[in-house]
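Here is how the chains run, residue by residue.
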Amino acid sequence: MVGSIDNEADFSTLGFSDIKKIVFNFEGVRLISSSGIQTWIKFFSGISESVSIEFVRSPLRIITQINLVLGFLFSKTVNINSFFAPNSCEECDDSKQILLETKAHFHNFAAPAAPVLNCDLCKKEIDFDRLEKKNFLFSKRLAA
Ligand SMILES: [Zn+2]
């Protein structure tokens, strides 16, 4: 998906009959507005229960919506495969988005915590600033 999820968002052209699995790639989503969320929920809740759903490459803004907006995932079990975590290295003053793979980086879904990763430049341990524990709450909703 690319662009904004706002009041102009239109999911109605997507047809999902006879589909077993849907993978949503949110990497291109730059903005999500409150009216966009309503449109999203309406669309998302209409997906058949028999379809398995996976989210990949979600920016943190999507993860925040999942955590804060009751109903963003409706009552569905979603496999959040990977998401971007903002972080910075104090040593190199380098700020970037790291793609975290849920399966590789989160082993304990009951007590989610930022994974220990090292900066590729200076090898110092990465401080996941802005990435508070609450951002990992969603993992309790994952299919383990
Ligand atoms: Zn560094």
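Residues numbered from 1 in each chain as written. Predicted model: local features only at pLDDT ≥ 70, side-chain atom pairs only at ≥ 80, totals over all residues.

**Student:** So, the overall build of the protein: which residues are in play, and what are the values?
**Tutor:** When its secondary structure is counted, the protein shows three helices and seven strands. For the protein, restricting intrachain contacts to residue pairs at least 6 apart in sequence, the fraction spanning at least 24 positions comes to 75%. (Helix = DSSP H or I, 4+ residues; strand = E, 2+ residues; numbered from the N terminus. Contact = placed C-beta atoms within 7 Å.)

**Student:** Summarise the sheet that holds strand 2 (residues 21–25); cite the residues concerned and give the values.
**Tutor:** Strands sit in the order 2-4-5 across an open sheet of three strands; the sheet is parallel. Since the sheet does not close on itself, it has two edges, and those belong to strand 2 and strand 5 (78–80), each with one partner. Direction aside, neighbouring strands of the sheet carry axes that sit 20 degrees apart on average. Strand direction decides the pairing type here: strand 4 (residues 52–56) and strand 5, joined by three bridges, are parallel. Note on strand 5: the bridge partner recorded for Ile53 is Val78. (Pairing = 2+ DSSP bridges. Axes fitted to C-alpha atoms, helices over the stretch in contact; angles between N-to-C directions.)

**Student:** I'd love a proper account of the pairing of strand 6 (residues 82–89), names of residues and values included.
**Tutor:** The sheet contact formed by strand 6 and strand 7 (residues 94–101) spans eight bridges and is antiparallel. Bridge pairing links Cys89 to Asp94 in strand 7. Counting the residues in the hairpin turn of strand 6 and strand 7 gives four residues, including Asp93, whose phi is positive at 55 degrees.

**Student:** With reference to specific residues and values, describe the nonpolar core.
**Tutor:** Grouped together as the largest cluster of nonpolar side chains are 16 residues, with contacts concentrated most on Ile5, Val29 and Phe83. Mapped by element, the contributors of at least two residues to this core are strand 3 (28–32), helix 2 (60–68), strand 5 and strand 6. With residues near it in sequence (within four places) discarded, Ile5 still touches Val29, Ile32, Ser33, Gly36 and Trp40. (Core = buried A, V, L, I, M, F, W, Y, C linked by C-beta atoms within 7 Å. Buried ≥ 20, exposed ≤ 12 C-beta atoms within 10 Å, placed from the backbone.)

**Student:** Would you mind going over unusual backbone geometry in detail, with residue names and values included?
**Tutor:** A positive phi angle, near 50 degrees, is found at Arg57, a position not held by glycine. Positionally, Arg57 belongs in the loop between strand 4 and helix 2. Its 17 C-beta neighbours within 10 Å are what place Arg57 among the partly exposed residues.

**Student:** Any details on the environment of Met1? Residues and values, ideally.
**Tutor:** Relative to the helices and strands, Met1 resides in the segment before strand 1 (2–5). Separated by 24 residues in the primary sequence, Met1 and Asn25 place their C-alpha atoms 5.9 Å from one another. Filtering out sequence-adjacent residues up to four positions away, Met1 remains in contact with Phe24, Asn25, Phe26, Gly28 and Val29.

**Student:** Pulling in residues and values, what's your account of the environment of Ser88?
**Tutor:** Along the polypeptide, Ser88 turns up in strand 6. Once the C-alpha coordinates of Ser88 and Asp127 are considered, the two residues, 39 residues apart in sequence, prove to be 6.4 Å apart.

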